[in-house]
Amino acid sequence: MSIVLQTERLLLRPPQAADIGRLVSLLGNRDVANKLARVPHPYTEDDGCAFIVAQADGRARGEIFVFAVLQKSDGLLVGICGVEPCRNFELGYWVGKPYWSQGFATEAARAVASFAFRNLDASCLEASWMHDNLASGRVLEKLGCVPNGDAFHESLSRGHAVFCHKVVLTRAAFAQAIGET
């Protein structure tokens with residue numbers, strides 16, 4: 001099943017082998033990798049291949065719904081956003097450094113959260129953000145997330161555990177945040 005989501009500026013579709021070069025380029029930036037728990041640094045073509053295969057397998061089992069985030073204007077991949085029902089509907093995203101501070105993470109995360117609530121019958125989503133990634137905290141706040149504790153999560157790129165803030169997003173809070181009542 002090939003699900004495609006669209007927003008005003010973005011097209012979200014399943015990751016493809018053709019995306020590997022772009023993934024390596026964007027995730028090869030240490031500033032990006034250091035904001036993510038499960039991304040090694042350096043990020044290699046083999047890592048990109050493994051990611052594509054894992055996402056396809058997870059999607060086929062209904063466990064993972066990850067989307068390549070592309071700009072509609074030029075078709076360039078700017079990041080990844082997804083939700084994992086197999087991990088308590090964990091919401092995750094990243095955007096390449098050249099695309100920071102342009103609202104792409106918020107726009108993509110809003111589309112994926114809407115997909116999870118409408119198509120996967122999620123009652124709530126979970127997410128977390130590293131203490132030193134305030135921009136990610138703002139993205140989650142805009143979606144309607146509320147604090148749900150703190151924890152340390154291992155970071156592959158940093159090589160140690162990092163203090164993270166956990167959040168939860170209910171269907172009702174999301175509807176209120178996006179103006180659906």
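What you are looking at is a predicted structure, and each value in this text was computed from that prediction instead of being measured. Throughout this document, residue positions are counted from 1 along each chain, in the order its sequence is written. With pLDDT at 70 or above as the cut-off, local features in this predicted model cover only qualifying residues; side-chain atom pairs require 80 or more to be listed or tallied, and sums for whole chains, interfaces and linings still use all residues. Working from all heavy atoms in the structure, the side-chain values ignore hydrogens and water.

Peer 1: Which parts of the structure should I look at to understand the pattern of salt bridges?
Peer 2: If charged atoms from side chains of opposite charge come close, those side chains can pair. Just to be clear on terms, a salt bridge is a Lys or Arg side-chain nitrogen sitting within 4 Å of an Asp or Glu carboxyl oxygen. On inspection of all chains with the given rule, the structure shows ten salt bridges. Across the salt bridge formed by Glu90 and Arg38, the nearest N and O atoms sit 3.2 Å from each other. A residue pair is termed long-range when its members are at least 10 positions apart, and Glu90 in strand β5 (residues 90–95) and Arg38 in the loop between α2 (30–33) and α3 (45–60) qualify at 52 residues. The classification of residues rests on relative accessible area computed with a 1.4 Å probe and restricted to protein chains. Under 20% of the type maximum is buried, over 50% is exposed, and intermediate values are partly exposed. The exposure class of Arg38 is partly exposed, given its relative accessible area of 47%. Between Asp121 and Arg171 there is a salt bridge, and its shortest N-O distance comes to 3.4 Å. Of this pair, Asp121 sits in the loop between α4 (104–119) and β6 (124–130) while Arg171 sits in helix α6 (residues 171–177), and the two are 50 residues apart along the sequence. On the accessibility criterion, Asp121 (62% relative accessible area) is exposed. Helix and strand labels come from DSSP, where a helix needs a run of H or I of at least four residues and a strand needs a run of E of at least two; each type is numbered from the N terminus.

Peer 1: What exactly am I supposed to notice about the packing of aromatic side chains here?
Peer 2: Each aromatic ring pair is summarised here by two numbers: the centre-to-centre distance and the angle between the ring planes. Pairing of aromatic rings covers Phe, Tyr and Trp, the last counted by its six-membered ring, and requires centre-to-centre distances within 6.5 Å; plane angles under 30 degrees mean stacked, over 60 mean edge-to-face, and any other angle means tilted. In total, this model carries five aromatic pairs according to the counting rule given. Chaining the aromatic ring pairs together yields one cluster made of Phe65, Phe67 and Phe115. Sitting above the plane of the Phe67 ring, Arg59 keeps its charged end 4.9 Å from the centroid. Our definition puts a charge over a ring when NZ of Lys or CZ of Arg is within 6 Å of the ring centre and also within 35 degrees of the ring normal.

Peer 1: Sorry if this is basic, but what is going on with the nonpolar core here?
Peer 2: The nonpolar side chains of a soluble globular protein tend to be buried with one another. In these notes, a set of buried Ala, Val, Leu, Ile, Met, Phe, Trp, Tyr and Cys residues joined through side-chain atoms within 4.5 Å is what counts as a nonpolar core. Among the nonpolar cores identified, the biggest contains 54 residues, and Leu125 and Leu140 are the most heavily contacted of them. Setting aside anything within four residues of it in sequence, one finds Leu125 in contact with Val83, Phe89, Ala113, Ala116, Phe117, Val167, Val168 and Leu169. Throughout, a contact is declared for two residues whenever any of their heavy atoms are within 4.5 Å.

Peer 1: So what exactly am I meant to see when it comes to the side chain of Ser157 here?
Peer 2: Assignment of secondary structure puts Ser157 in the loop between β7 (146–155) and β8 (160–170). Ser157 sits in the buried class, given a relative accessible area of 8%. Beyond its immediate sequence surroundings of up to four residues, Ser157 is in contact with Arg30, Ala33, Asn34, Leu36, Val39, Pro40 and His41.

Peer 1: I tried to follow the pairing of β5 on my own but got confused; where do I start?
Peer 2: One face of the sheet, then the other: side chains in a regular strand alternate in exactly this way. In this description, strands pair whenever DSSP reports at least two bridges between them. Here strand β4 (residues 77–84) runs beside β5; their pairing, made up of six bridges, is antiparallel. Paired with Cys81 across the bridge in β5 is Tyr93. Hairpin connection, β4 to β5: the antiparallel pair is bridged by five residues, and Asn88 has positive phi, about 60°.

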